[in-house]
Amino acid sequence: MRYLSTRGGMVPLAFDEAVMMGLATDGGLLVPAEIPRIEPQQLRAWSGLRFQDLAFAVAMPFIGAAIPPADLRDLIERSYATFAHPEITPVVKVGGHWILELFHGPTASFKDIALQWLGNLFTYLLERKGGTLNILGATSGDTGSAAIYGVRGKPRIQIFILYPKGRISPLQERQMTTLPDANVHPIAIRGTFDDTQAIVKALFNDLEFKTAHRLGAVNSINWARILAQTVYYFHAWARVTGGDPEQRVSFAVPTGNFGDVFAGYLAQRMGLPIERLIIATNRNDILTRFVQTGVYARGPEVYQTLSPAMDIQVASNFERYLYYLHDGDTARVRTLLETFAQSGRLEVTGDRLRQVQADFAAAAVSDAETLGQIRETYETTGYILCPHTAVGVRAARDFPEAICLATAHPAKFNAAIYQAIGREAPLPAALEGLMDRTPRFIELAADTEAVKRQIAASMQG
Ligand SMILES: *Cc1c(COP(=O)(O)O)cnc(C)c1O
């Protein structure tokens, strides 16, 4: 399989090159030259597979000759050996919905599913080719810790994670700042999550710096992350339908960067019988407004909400969807994104808008509704939803039997849980004892040059 840029300005790459590159060099995102099609009888045959074997089956056509099958199997086995549940991503019935529990990895968020795999993939490719990698990422909380746990202690890799100081939960901060591994560098930025994301983007667009310092990405722009996340859509569909290709299911997806829901869209394009993909946002609702009106426009500011992993104004994976919506017309995608860069707004109309509304339903959920949903679910079933998951369940109100993605363990957001139900969720084993450890981090202003200097200095040390 070859990989192309959504903006059309690159020669095709193999899977391993695409993974190491992250963001395309022309500023676009990498996408596969074609989407493999899975036939109904194949879906049925896959439905009994354990998660790891299904991951292999789903990933193989996207990887092709870039990784020998035996090595790929080994990578996948090792990546999910760190999970605390034998099913990896179990589905449970809660009230009228299914809850797809994606939080049984080492940092108790769904991001582990992609990042445990990506960490092993990076090491594997570096060992094979030689060389080193400096991973740079921005996090609103969950990505950073999941990325750090994906590569901690691994040879040939350093990781630099920027987070907005004071704007992530204390537990999340401890997750990132209490590991002893010398290759882990947490950087607290005095600013918002968008500031940290802007710095990371500036460094990746600075090709000289990027090349000299061998920067790699872990944010959801990396194709390998999308691919790993696609697996649990297949897995959950199989568990809920018993593998009957006649049965369609809807998925409710709490999203900010459009990463997780794009993985669902990919599964659908591959042939998974998905009825509706429900985009669930909080008050930062650029994606919901887009689905409802066709206008994709920056809001006035980023609002802090009870679901902070979705406090995002501009969705980094959205460009991939625009590419497919415009049937791979890279010139059109480039024009739209240039318009957006200049004016903070782009628009799709007519048949394209009708296509958007056929692909997705969408709802924006307020903090009050989020708390109300946590309370209602707890009172009627005893199950505690994390605030992000609650946003999804609330958005799926009119979709009985929908599969709602549970993107984090509730104990990661116990302040909100306490506010909703007057008690906290018990910590999973993965999070015990963290608050007793001493944090270690570097603090910097929201200044690209300062971050550059820090990375260069840490690399020499
Ligand atoms: C990252 C994250 C999300 C949003 O994921 P996207 O990549 O923006 O789709 C939702 N919930 C939690 C708990 C997260 O960590």
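Presented here is a report on the structure given in the accompanying data block. (Residues numbered from 1 in each chain as written. Predicted model: local features only at pLDDT ≥ 70, side-chain atom pairs only at ≥ 80, totals over all residues. Heavy atoms only, no water.)

Now for the site of the ligand. Taken together, 15 residues lie near the ligand, and Lys111, Asp142, Thr255, Asn257 and Thr407 sit nearest. Within the contact set of the ligand, an oxygen atom lies 2.5 Å away from a side-chain nitrogen or oxygen of lysine 111. In this structure, threonine 255 approaches the ligand through a side-chain N or O atom, which is 2.6 Å from an oxygen atom. Residue classes in the shell around the ligand are distributed as 6 nonpolar, 6 polar and 3 charged. (Near = heavy atom within 4 Å. Polar contact = N/O pair within 3.5 Å; in protein donor to acceptor, adjacent residues only side chain to side chain. Nonpolar A, V, L, I, M, F, W, Y, C, P; charged D, E, K, R; others polar.)

Moving on, we get to the pairing of strand E1 (residues 2–5). Every other side chain in a regular strand lies on the same face of the sheet, so the side chains alternate between the two faces. Taking every second residue as pointing to the same face, the buried face of E1 carries Tyr3 and Ser5, while none of Arg2 and Leu4 on the other face is buried. As paired elements, E1 and strand E3 (residues 30–32) share 3 bridges and run antiparallel to each other. Across the sheet, residue leucine 4 finds its bridge partner in E3, namely valine 31. (Buried < 20%, exposed > 50% of the residue type's maximum accessible area, 1.4 Å probe, protein only. Helix = DSSP H or I, 4+ residues; strand = E, 2+ residues; numbered from the N terminus. Pairing = 2+ DSSP bridges.)

Before going further, it helps to spend a moment on the sheet that holds strand E2 (residues 13–14). Sheet strands pair via backbone hydrogen bonds, and the direction of the pair is either parallel or antiparallel. Within the open sheet, the 3 strands sit side by side as E2-E1-E3. Their pairing is antiparallel. Lying at the two open borders of the sheet, with one neighbouring strand each, are E2 and E3. With respect to the sheet, helix H13 (residues 318–325) is in contact with E1 and E3, its orientation differing from that of E3 by roughly 45°. (Contact = heavy atoms within 4.5 Å. Axes fitted to C-alpha atoms, helices over the stretch in contact; angles between N-to-C directions.)

Ordered by their spatial adjacency, 6 strands build an open sheet running E4-E5-E15-E10-E11-E14, and the pairing between neighbours is mixed. Strands with a single pairing partner mark the edges of an open sheet, and in this sheet they are strand E4 (91–94) and strand E14 (360–364). Strand-to-strand, the axes of this sheet are offset by a mean angle of 25°, without reference to chain direction. Examined bridge by bridge, strand E10 (residues 249–254) and strand E15 (residues 403–406) share 2 bridges and lie parallel to one another.

Applying the stated criterion to the full structure yields 24 aromatic pairs. Taking 6.0 Å as the distance between ring centres and 45° as the angle between the ring planes, the aromatic pair formed by phenylalanine 62 and tryptophan 223 counts as tilted. With phenylalanine 62 in helix H3 (residues 51–63) and tryptophan 223 in helix H10 (residues 223–241), this residue pair connects regions lying 161 residues apart in the sequence. Neither residue differs from the other here; phenylalanine 62 and tryptophan 223 are each classed as buried. (Phe/Tyr/Trp six-rings, centres within 6.5 Å; stacked < 30°, edge-to-face > 60°.)

Just geometry here; none of it tells us what the structure is for.
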